[in-house]
Amino acid sequence: MFEALASDPRVRQRRSGAPDPDGRCVVYWMQRAQRAADNAALDLAIEAGNTLRKPVVVFFGLHAFVERANLRHYRFLLEGLPELAEALERRGVGFVLRRFPEHRLLPFLDEVKPALVVGDENPLRQTEGWRRTIAAGLRVPLWTVDADVVVPSALLLKEQYAARTIRPRIHARLSEQLVTPKAPRAAVRWRAPRGLHRLRPSLALLDGFPCDRSVAPVSDFTGGRAEGRRRLRAFVRRRLDTYEADRNHPERDGTSGLSPYLHFGQLGPREVARAVQDAAGSHAGAAAFLEQLIVRRELAVNFVTFNPRYDSLDACEPWALHTLGRHARDRRPVLYTADQLEAAETHDPLWNAAQRQMVESGWMHGYVRMYWAKKILEWTRRPDEAFDLAVVLNDRYLLDGRDPNGYANIAWAIGGKHDRPWPERPVTGTIRWMSFASTSKKFDAKAYIERWSGRSEDPPLRTRARGQRLEAKGYP
Ligand code: FAD
């Protein structure tokens, strides 16, 4: 039974060996998959606990210095924790929340003496590094579970060249992987040892929390699984049918808006895919949506998993580096500083609108994200500088930032990753180019620009960005 759990392709034994028979519980060290349903890591921890006849407890350590995360992101994350604790309780699982400087896993493990530690997967460099460090410091086995993809990364074996190479591999696995999980309940209920330090999840935990406070929270998106499920239901009911036609129209509210919930693991990709499949009979947009949610999203996870330079131009293909190198000295049509770009002070109203949407709402429509990144390549001195700046802005302001999707798509827009050469032009070489004239003809750009151009009585974004920093400092 135990061997069967470990042989699942979602499971990676980071520290092998038999569970400690004297261990008192199974600990699930939750990081990425912040949910109590459709979570293969939680299911595995519970099944292991039931096999060993031990209780299960989730440990969540709120780290203050997650790379490129700021108050906007922490607030969204914390909004999801109270309902997470309640949902775990309903499955008979304990929840221990600690925050910096008491956020470390190993001291907690010393206190509760687990038989086995289960974690979830996150291929980003910093979080992958934590898993390795923990595996080296543990005396009991550590298994991590690839819970935030439909098809486990291990089954794709290596970095895939493009959507056309990963698509058949993913489709071949869908019927076996896109299943409804058993969602077991813990047979032995966890009881906190007397005096164990744990915090009640609440927004008050942000008081005095020493994270980066330079970006204020937003009101357009509220974090949490209930809100994510509500958005999913509304999308399936009202917008899935028109998704294919509307998804490239930033002026319409035609996409799901689920990316922040998927990024924080408050929703799992399998449950989103199943909700769409279940409704698919009557909804023409299902195939187009599943292509984005599964093929494109898992192409991004594959890129970050197998390409260690994922957040720099060096991650791109030789043809792209060659063409960008050949055009490195070309005269740029215009040059902007990082501050000008951040403050949406360019000559281009569409670009400025996209930048404002990102800064003000914490999200940017997918179609304009492409244009936004490609113009940064044109308007900065060097392609590597453009790449780095796009990453910084993307990760600082977007609630779904700091995600494989961001790195893969910036690499696509600026470095031709997963794309092919296009007709050659100055500056961008054979990297696919987007012009203001043709892009703004494909949708009602005027309506989008008007929506995000700010009212004339509003202070300019530069002043507001500074104001936001001050407000965020004093927050809450
Ligand atoms: P929907 O159209 O409703 O799609 C559903 C889900 O499919 C999304 O939530 C997302 O998880 C996935 N998806 C959609 N489009 C893509 C895509 N092109 N690549 C991979 N997965 C996709 N996405 C992020 O999650 N985080 C980022 O930081 C990010 N940065 C981007 C930067 C650039 C330059 C570009 C071009 C794209 C970026 N994307 C990023 C991908 C995409 O634009 C967003 O995922 C999408 O717009 C989110 O909106 P939605 O949830 O309404 O998408």
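The preceding data block contains the structure.
Please read these numbers as outputs of a predicted model, since none were measured by experiment.

(A) How the structure looks around the sheet that holds strand β3 (residues 56–62). If you trace the six strands from one edge of the open sheet to the other, you get β1-β6-β5-β2-β3-β4, paired in mixed fashion. Each edge of the open sheet carries a strand with a single partner, namely β1 (11–15) and β4 (94–99). Adjacent strand axes in the sheet meet at a mean angle of 25 degrees, parallel and antiparallel pairs treated alike. Looking at chain direction, strand β5 (residues 114–120) and strand β6 (residues 142–145) are connected through four bridges and run parallel. Considered in β6, the bridge of V117 is made with L142.

(B) Spatial organisation of helix α14 (residues 349–361). Over its 13 residues, α14 extends 17 Å from the first C-alpha to the last, a length consistent with the 18 Å expected when each residue adds 1.5 Å. All of the buried residues along α14 are L350, W351, N352, A353, A354, Q355, R356, Q357, M358, V359 and S361. Downstream of α14 by a residue or two, G362 has a phi angle that is positive, lying close to 80 degrees.

(C) Representation of the site of the ligand. The immediate surroundings of the ligand are formed by 25 residues, with Y243, T255, S256, G257 and N394 found nearest. Within the contact set of the ligand, a nitrogen atom lies 2.9 Å away from a backbone nitrogen or oxygen of D400. Taking 830 Å² as the accessible area of the ligand by itself, protein coverage stands at 94%. Taken together, the elements giving at least two residues each to the shell around the ligand come down to α9 (259–263), α11 (286–306), α15 (366–379) and α17 (404–415). When residues of the shell around the ligand are assigned to their parent elements, the largest contribution, five residues, is made by α11. Taken together, the residues of the shell around the ligand break down into nine nonpolar, eleven polar and five charged.

(D) How the structure looks around the packing of aromatic side chains. Counted according to the given criterion, the structure contains 15 aromatic pairs. Taken together, a centroid distance of 5.0 Å and an interplanar angle of 40 degrees make the contact between F235 and F289 tilted. Of this pair, F235 sits in helix α7 (residues 225–238) while F289 sits in helix α11, and the two are 54 residues apart along the sequence. On the basis of relative accessibility, which here comes to 5%, the residue F289 falls in the buried class. On the basis of an interplanar angle of 10 degrees and a centroid distance of 6.4 Å, the ring pair of W351 and W372 is categorised as stacked. Taken together, the positions of W351 in helix α14 and W372 in helix α15 put the pair 21 residues apart, joining distant regions of the chain. When sorted by exposure, W351 lands in the same class as W372, which is buried. Linked through ring pairs, Y336, W351, W372 and W379 together constitute an aromatic cluster. Sitting above the plane of the W29 ring, R131 keeps its charged end 5.6 Å from the centroid.

What counts, and at which threshold
- Here the residue numbers are simple positions, counted from 1 along each chain's written sequence.
- Thresholds applied to this predicted model are a pLDDT of at least 70 for local features of residues and 80 or more for the giving and counting of side-chain atom pairs; totals over whole chains, interfaces and linings are not thresholded and use all residues.
- Side-chain metrics rest on all non-hydrogen atoms present in the structure, leaving aside hydrogens and water.
- Note on pairing: DSSP must find at least two bridges between two strands before they are called paired.
- Per the convention used, a helix needs a DSSP run of H or I reaching at least four residues, while a strand needs a run of E reaching at least two, with both numbered from the N terminus.
- Axis definition: a line fitted to C-alpha atoms, over the contacting stretch in the case of helices. Angles run 0 to 180 degrees between N-to-C directions.
- Expected span, for any helix, means 1.5 Å times one less than how many residues it has.
- Type-normalised accessible area, obtained with a 1.4 Å probe on protein chains alone, sets the label of each residue: buried when under 20%, exposed when over 50%, and partly exposed for intermediate values.
- Here a residue is considered near a molecule or strand provided that any single heavy atom belonging to it is located within 4 Å of it.
- Polar contact is the term for a pair of N or O atoms within 3.5 Å; when the atoms are in protein, one must be able to donate a hydrogen and the other to accept it, and sequence-neighboring residues count only if both atoms are side-chain atoms.
- What sets the accessible areas is the Shrake-Rupley method with a 1.4 Å probe; for residues, cover comes only from the shown protein chains.
- Charged means Asp, Glu, Lys or Arg here, nonpolar means Ala, Val, Leu, Ile, Met, Phe, Trp, Tyr, Cys or Pro, and polar covers whatever is left, Gly included.
- Classification of ring pairs rests on two measures: the distance between centres of Phe, Tyr or Trp rings, Trp counted by its six-membered ring, which must be within 6.5 Å, and the angle between planes, read as stacked under 30 degrees, edge-to-face over 60 and tilted in between.
- By the criterion adopted, a ring carries a charge over it if an Arg CZ or a Lys NZ lies within 6 Å of its centre and within 35 degrees of its normal.

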